[in-house]
Amino acid sequence: MFSLPPHVSSREQKCVKCKEGLPVVVIRAGDAFCRDCFKAFYVHKFRAVLGKNRLIFPGEKVLLAWSGGPSSSSMLWQVLEVRLHAILLRPGCARPSSRGLSRDSAKRLRFVPGVVYADEGAACGQSPEDRAKTVAEAKLVLQSVGFPWHIVALEEVFSLPPSVLRCSAREPVGTEGAYKAAVGSLLQQQHALGEEQQSLPCPPRLPIQAGPPTAGQTEALSTLFSSVETLTAKEELLRTLRTHLILHVARTHGYSKVMMGDSCTRLAIKLMTSLALGRGAFLAWDTVRLQAAQGPVPTLLAPFSTQCLLSRGFSDERHGDVVVVRPMREHTLKEVAFYNRLFAVPSVFTPAVDTKAPEKASIHRLMEAFILRLQAQFPSTVSTVYRTSEKLVKAPRDGCAAGTPGPRCLLCMCVLDVDTADSATAFGAQTSSQLPQTQPPIAQAEAPTVSCCCTRMGGARHCCRTEEDPRARVIEQLCYGCRVNMKDLVSGSPSPGPGTVSSLLQPSLDPLPPYILAEAQLRSQRAEAEQIQEYLLEDREDEDARPGEN
């Protein structure tokens, strides 16, 4: 694993950084690092991402999403090393011997960290004994870290409020001057308190762990994932529910930022996977890098300055008050594996829904095998895919260029690219034909010839239906990619449409968590109320002033 190329002797080659130490790891061809220089190189990339973007202000609460895997464990260890190094910098303590940490006193991470771990054993088919063993191993790691930690079970999504799917308003992003002012104010406070107090770590807090999930919640989660037909839809559903749960934990405990451990390799795989899943309309939002805290926003992106979805870049601001950041996006999986092996970073193995699955079992697995196979033959594949994605920019639409952004997807919370006028697009064709398909043919045959009231007024059709299909109410609030995944939700009822076989099952949304269905109903009722409000006559205040007019 750490061997040098066969044509170079270990006695002849030296570290490319210090030119003195013996190399222990080769990252790329010709880039051989010794132990200390590799650690300095690795830590510098982590802190450079945070320092360059300047989105995390001093004293801000940041929630570290830890899954137990290599990347998230390495991210957690980077934050922990900064805290431990602050203790060693107190007067009377020995200075650290590593050359990579000798200049860290001026680059300390000044935010307040917390850790969250989500137990997904029920979705992956683990037994209660295996789940308890995995949670116990996770507790040992979290207790050794010393940060406030939260352990939640995925079954808790069945008790989430509908407000988790709403984009809450957040405070405006500060400028570069505001960031420097905040850092300067913190340094002045620390200088006033004394050097010894400023080096002390934050006081430990009691762990927060919710009670064990009920048997009904575990059964409901198992039923939900067993009703999904394909592995691709299962992975997308699991990712969506995990995001909603972490977002709820962050809002409940006052965290304004959430750190994810996605590496550069993982982000490149996700980018190609999203493209294959039909998320091309949001690919630019999902990949563009926007330096929101460094200077003005480009003119092309100005209408989306507060709505840009940066899920493949450094930050993701689609949720409003909680921003997701990815400080590990400059590290490849190879670098993460070397660092965890050399410095004994603890991790916890947790089986996923695609564990032991064949290569062609899902789009995620297929894209992962494709990218990694190309990376093995062409070492610049991952960096090329990732760097190319940063250059994508989505032009503003004519309808929302001067106003507020449109409605958001119910699941992924992306801004819907609704274009019913352009039926050439798959989304437009599906949107325009969604409502007529949901009405049974019998009702169409027995319906009177009188047109709909709102049709005569220029409004939408089929608004006078006495009963609305709840499935259509949810589907029409999803983006194209989420609609495709929702088609794989089986265990429905026979489709009554014309030309269909009676045994063909329509997707049933009954297994979905209640907060999704409740929010879909609230959005539908709000849209109907706004539509009715347009045709209400407003009282004129000047009627009393002109009594002669009728």
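What counts, and at which threshold
Residues numbered from 1 in each chain as written. Predicted model: local features only at pLDDT ≥ 70, side-chain atom pairs only at ≥ 80, totals over all residues. Heavy atoms only, no water. UniProt positions renumbered as here; feature names shortened; annotations may be inferred. Helix = DSSP H or I, 4+ residues; strand = E, 2+ residues; numbered from the N terminus. Buried < 20%, exposed > 50% of the residue type's maximum accessible area, 1.4 Å probe, protein only. Contact = heavy atoms within 4.5 Å. Phe/Tyr/Trp six-rings, centres within 6.5 Å; stacked < 30°, edge-to-face > 60°. Lys NZ or Arg CZ within 6 Å of the ring centre and 35° of its normal. Salt bridge = Lys/Arg side-chain N within 4 Å of Asp/Glu carboxyl O. 1 Å grid on protein atoms, 1.4 Å probe; cavity = no way out; pocket = protein on both sides within 12 Å on 5 of 7 lines; lining within 4 Å. Points joined across faces, edges and corners; volume = space filled by probe spheres on them. Nonpolar A, V, L, I, M, F, W, Y, C, P; charged D, E, K, R; others polar. Core = buried A, V, L, I, M, F, W, Y, C linked by side-chain atoms within 4.5 Å. Pairing = 2+ DSSP bridges. Expected span 1.5 Å × (residues − 1). Axes fitted to C-alpha atoms, helices over the stretch in contact; angles between N-to-C directions. Left-handed = near helix turned anticlockwise from the far one by under 90°.

Per an unreviewed UniProt entry, the chain goes by Cytoplasmic tRNA 2-thiolation protein 2 and derives from Eschrichtius robustus. UniProt lists a comment for the chain under the heading Subcellular location (unreviewed entry), and it reads "Cytoplasm". Looking at the chain in UniProt, the text filed under Pathway (unreviewed entry) is "tRNA modification; 5-methoxycarbonylmethyl-2-thiouridine-tRNA biosynthesis."

Enquirer: Help me understand the side chain of His 364 in this model?
Expert: Tracing the backbone through its elements, the reader meets His 364 in helix 12 (residues 363-377). For His 364, a relative accessible area of 15% translates into the label buried. Not counting chain neighbours up to four residues away, the residues in contact with His 364 comprise Thr 232, Glu 235, Glu 236, Thr 273 and Leu 277.

Enquirer: Sorry if this is basic, but what is going on with the packing of aromatic side chains here?
Expert: Each aromatic ring pair is described using two quantities: the centre-to-centre distance and the angle formed by the ring planes. In this structure the tally under the stated criterion is 5 aromatic pairs. Here the aromatic rings of Phe 33 and Phe 41 are separated by 5.2 Å at their centres, their planes lie at 20°, and the arrangement is stacked. With a centroid separation of 6.0 Å and 45° between ring planes, the pair formed by Phe 38 and Tyr 42 is classed as tilted. Of this pair, Phe 38 and Tyr 42 are both found in helix 1 (residues 35-53), 4 residues apart, which corresponds to roughly one turn of the helix. The exposure classification of Phe 38 matches that of Tyr 42, with both residues buried. Counting every residue linked through ring pairs, the aromatic cluster contains Phe 38, Tyr 42, Tyr 339 and Phe 343. One cation-aromatic arrangement involves Lys 61 over Tyr 255; the distance from NZ or CZ to the ring centre is 4.6 Å.

Enquirer: Is there a simple way to think about the pattern of salt bridges in this case?
Expert: Think of it this way: side chains of opposite charge can pair up when their charged atoms draw near. Enumeration according to the criterion identifies 18 salt bridges in this entry. Here Glu 335 ties to Lys 45 by a salt bridge, and the two come within 2.9 Å at their closest N and O atoms. In this pair, Glu 335 is assigned in helix 11 (residues 333-342) and Lys 45 in helix 1, connecting sequence segments 290 residues apart. Residue Glu 335 shares its accessibility class with Lys 45, and that shared class is buried. Arg 329 is the salt-bridge partner of Glu 330, the closest N and O atoms lying 3.3 Å from each other. Taking relative accessible area as the criterion, Arg 329 reaches 0% and is therefore assigned buried. If you follow the salt bridges from partner to partner, you end up with Asp 119, Arg 131 and Glu 155 in one network.

Enquirer: Please explain empty space enclosed by the protein as it appears in this structure.
Expert: Any empty space left between atoms is shown by rolling a water-sized probe over those atoms. Applying the stated criterion to the full structure yields 2 cavities of 30 Å³ or more. Here the largest cavity defines a volume of roughly 150 Å³. Lining the largest cavity are Val 228, Ala 233, Glu 236, Leu 237, Arg 239, Thr 240, Leu 411, Cys 482, Asn 485, Met 486, Leu 489 and Leu 512. Among the elements that make up the lining of the largest cavity, the one with the highest residue count is helix 8 (residues 231-252) (5 residues). Among the residues making up the lining of the largest cavity, the classes are represented as 8 nonpolar, 2 polar and 2 charged. If you add up the space inside the second largest cavity, you get close to 50 Å³. Lining the second largest cavity are Thr 243, Ile 246, Leu 247, Val 258, Met 260, His 319, Val 322 and Val 324. A total of 3 residues in the lining of the second largest cavity trace back to one element, the largest contributor, which is helix 8. Within the lining of the second largest cavity, the residues separate by chemical class into 6 nonpolar, 2 polar and no charged.

Enquirer: What exactly am I supposed to notice about the nonpolar core here?
Expert: Looking at soluble globular proteins, one finds that nonpolar side chains tend to be buried together. Counting residues in each nonpolar core, the largest one holds 49 residues, and the members touching the most others are Leu 154, Leu 224, Phe 225 and Val 258. Mapped onto this core, the elements with two or more residues apiece are strand 3 (61-65), strand 4 (112-119), helix 3 (121-124), helix 7 (215-226), helix 8, helix 18 (470-475), helix 19 (480-486) and helix 20 (514-533). Per-element accounting of this core gives the leading share, 9 residues, to helix 8.

Enquirer: Is there a simple way to think about the pairing of strand 4 in this case?
Expert: Every regular strand shows the same layout, with side chains that alternate between the two sheet faces. In terms of residue burial, strand 4 counts as a mostly covered element, since 7 of its 8 residues are buried. Pairing between strand 3 and strand 4: 5 bridges, direction parallel. Bridge assignment links Val 62 to a residue of strand 4, and that residue is Pro 113. Of the pairings in the sheet, the one linking strand 4 to strand 5 (residues 149-153) comprises 5 bridges and is parallel in character. Directly across from Tyr 117, in strand 5, lies its bridge partner Ile 151.

Enquirer: Any chance you could explain helix 4 (residues 128-145) here in plain terms?
Expert: One full turn of an α-helix is made of 3.6 residues, so residues set three or four places apart face in the same direction. The end-to-end C-alpha separation of helix 4 is 26 Å, in line with the 26 Å expected for 18 residues at 1.5 Å each. Remark: Gly 146 follows helix 4 within two positions and exhibits a positive phi of approximately 95°.

Enquirer: Got a minute to help me understand the packing of helix 9 (residues 264-276) against helix 13 (residues 381-389) in this structure?
Expert: Axes are the key here: two packed helices are described by the angle between their axes and the distance separating the axes. For the pair helix 9 and helix 13, interaxial distance at closest approach is 9 Å and the crossing angle is 65°. Helix 13 is crossed by helix 9, and the crossing has left-handed handedness. Each of Cys 264, Thr 265, Leu 267, Ala 268, Leu 271 and Met 272 in helix 9 lies in contact with helix 13, whose residues at this interface are Val 382, Val 385, Tyr 386 and Ser 389. When grouped by side-chain class, the residues that make up the contact of helix 9 with helix 13 number 8 nonpolar, 2 polar and no charged.

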